[in-house]
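Spelled out from the first residue to the last, the chains are:
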Amino acid sequence: MRRPIALLAAALYVGALAVPASAADGDGKFTIKDPRITESSGLAASRQHPGVYWTHNDSDDGAYLYAVDGRTGETVATVTLTGVGTPRDVEAISIGPGNQIYVGDIGDNLGGTWPHVWIYRLPEPKELRDRTIRATQYVVTYSDGARDAESLVVHPKTGRVYIVDKNEKGGHLYEGPAGLSPSGTNVFRPIAGVPDLEATDATLSPDGRHLVVRSYFGSLAYDWNGGKIKRKERLGVPFLGQGESVTYTADGNKLMYGAEGADSPVEPQDAPGAEGSGSPSGNGTSASSGGEGEGLGGDLRTGAIVAAAALVVLVALRGLRRRT
């Protein structure tokens with residue numbers, strides 16, 4: 001009996017401490033370790049390189065993008081952009097159809113007074129190594145005047161670009177032209193309100209059906225509905241410091257939230273309506289998607305239950321062995 005008991009105990013112990021599949025795939029919590037990245041203001045999950053996240057600094061860093069491995073937090077590639085001049089206030093990053101990376105130099109530290117801002121587009125490299133890539137630069141204005149913005153998304157099916165402006169009283173979703181022009185001015189027009197939230201980033205689900213807009217202290221989930229967005233629920237966000245970024249994972253099951261600062265953390269939460277999220281579509285915040293301290297997350301809660309079950313079985317088996 002001793003050998004089967006030992007094998008059962010070992011199996012239960014390993015099950016209790018097993019790393020969740022999402023963490024093994026690079027979609028678990030990690031810390032950005034690169035000392036050059038002190039103002040991570042945007043995140044975009046790579047479609048070509050599972051578990052890799054693209055990020056960038058805010059202002060005064062230069063035309064650089066960093067590919068960070070979500071398994072280790074280490075930078076695995078640095079891309080230097082050419083053909084874009086000197087970036088002014090880079091605040092957002094998104095990946096569109098054809099593995100094209102879009103970078104939003106759309107912040108306005110002067111309170112919404114710059115006559116135009118910029119978007120840069122470049123192909124995501126197939127191989128992750130340090131390199132220089134020439135990007136296409138687009139001039140952007142707004143139909144209702146200059147404004148500050150930190151949120152840019154690209155629809156994964158149509159390639160159309162959208163911006164959410166940043167306003168403490170709530171902003172708007174702006175739609176760009178069907179195709180951006182590198183030679184003219186691209187006028188973005190408001191198509192929907194985004195109330196009750198000071199937007200610091202936004203992300204579209206990989207299937208293009210859901211939009212999440214975050215602020216420093218919370219986030220809102222919407223049905224995309226062809227751009228005529230419909231509010232679904234308010235989501236909590238993990239407290240990580242100055243919350244600046246959010247992206248869907250490549251499979252759409254998680255939201256990855258990030259923050260500014262040296263050694264900045266990136267933490268996952270279940271995406272609303274995703275399998276196993278515990279939050280029915282259209283209802284309020286679940287414990288697993290709430291802020292820090294609102295209860296055990298799904299992976300941690302499952303591990304605790306398994307560990308408790310293993311302890312009960314081991315105690316019972318020891319009692320049985322003493323009686324035999």
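Predicted model, so just to flag it, every value in this text is computed and none were measured. (Residues numbered from 1 in each chain as written. Predicted model: local features only at pLDDT ≥ 70, side-chain atom pairs only at ≥ 80, totals over all residues. Heavy atoms only, no water.)

Before we go on, may I ask you to explain the pairing of strand S11 (residues 149-154) in this structure?
Regular strands place their side chains on alternate faces of the sheet. Burial analysis of S11 places six of its six residues in the buried class, the great majority of the element. Strand direction decides the pairing type here: S11 and strand S12 (residues 161-165), joined by five bridges, are antiparallel. Its bridge partner being in S12, Leu-152 is matched across the sheet by Ile-163. Counting the residues between successive antiparallel strands, the hairpin from S11 to S12 contains six residues, one of them, Gly-159, with a positive phi of roughly 80°. (Buried < 20%, exposed > 50% of the residue type's maximum accessible area, 1.4 Å probe, protein only. Helix = DSSP H or I, 4+ residues; strand = E, 2+ residues; numbered from the N terminus. Pairing = 2+ DSSP bridges.)

Sorry, what's going on with empty space enclosed by the protein here?
Remark: the empty space left among the atoms is shown by a probe the size of a water molecule rolled over them. Per the stated rule, a full pass over the model turns up four cavities of 30 Å³ or more. Roughly 150 Å³ of volume is contained in the largest cavity. What lines the largest cavity is a set of 19 residues, and nearest its centre among them are Arg-47, Ser-94, Thr-203, Leu-204 and Thr-247. For the lining of the largest cavity, the secondary structure elements donating two or more residues are strand S2 (42-45), strand S6 (92-96), S11, strand S15 (201-204) and strand S19 (243-248). In terms of residue class, the lining of the largest cavity is built from 14 nonpolar, four polar and one charged. Quantified by volume, the second largest cavity comes out at close to 80 Å³. Gly-62, Ala-63, Tyr-64, Leu-65 and Val-90 are, among the 13 residues lining the second largest cavity, the residues nearest its centre. Residue composition of the lining of the second largest cavity, grouped by class: nine nonpolar, three polar and one charged. (1 Å grid on protein atoms, 1.4 Å probe; cavity = no way out; pocket = protein on both sides within 12 Å on 5 of 7 lines; lining within 4 Å. Points joined across faces, edges and corners; volume = space filled by probe spheres on them. Nonpolar A, V, L, I, M, F, W, Y, C, P; charged D, E, K, R; others polar.)

Honestly, the sheet that holds S15 in this entry has me stumped. Any pointers?
Strand pairing within a sheet occurs via backbone hydrogen bonds; the two strands may be parallel or antiparallel. As summarised here, the arrangement of the four strands in space is S15-S16-S17-S18, forming an open sheet in which the pairing is antiparallel. Looking along the sheet, the strands with just one partner apiece sit at the ends: S15 and strand S18 (230-235). Averaged over neighbouring strand pairs, the angle between their axes works out to 20° when direction is ignored. Taken together, the five bridges between strand S17 (residues 219-223) and S18 define a ladder with antiparallel strand orientation. Looking at the pairing, Ser-219 lines up with Leu-235 of S18. (Axes fitted to C-alpha atoms, helices over the stretch in contact; angles between N-to-C directions.)

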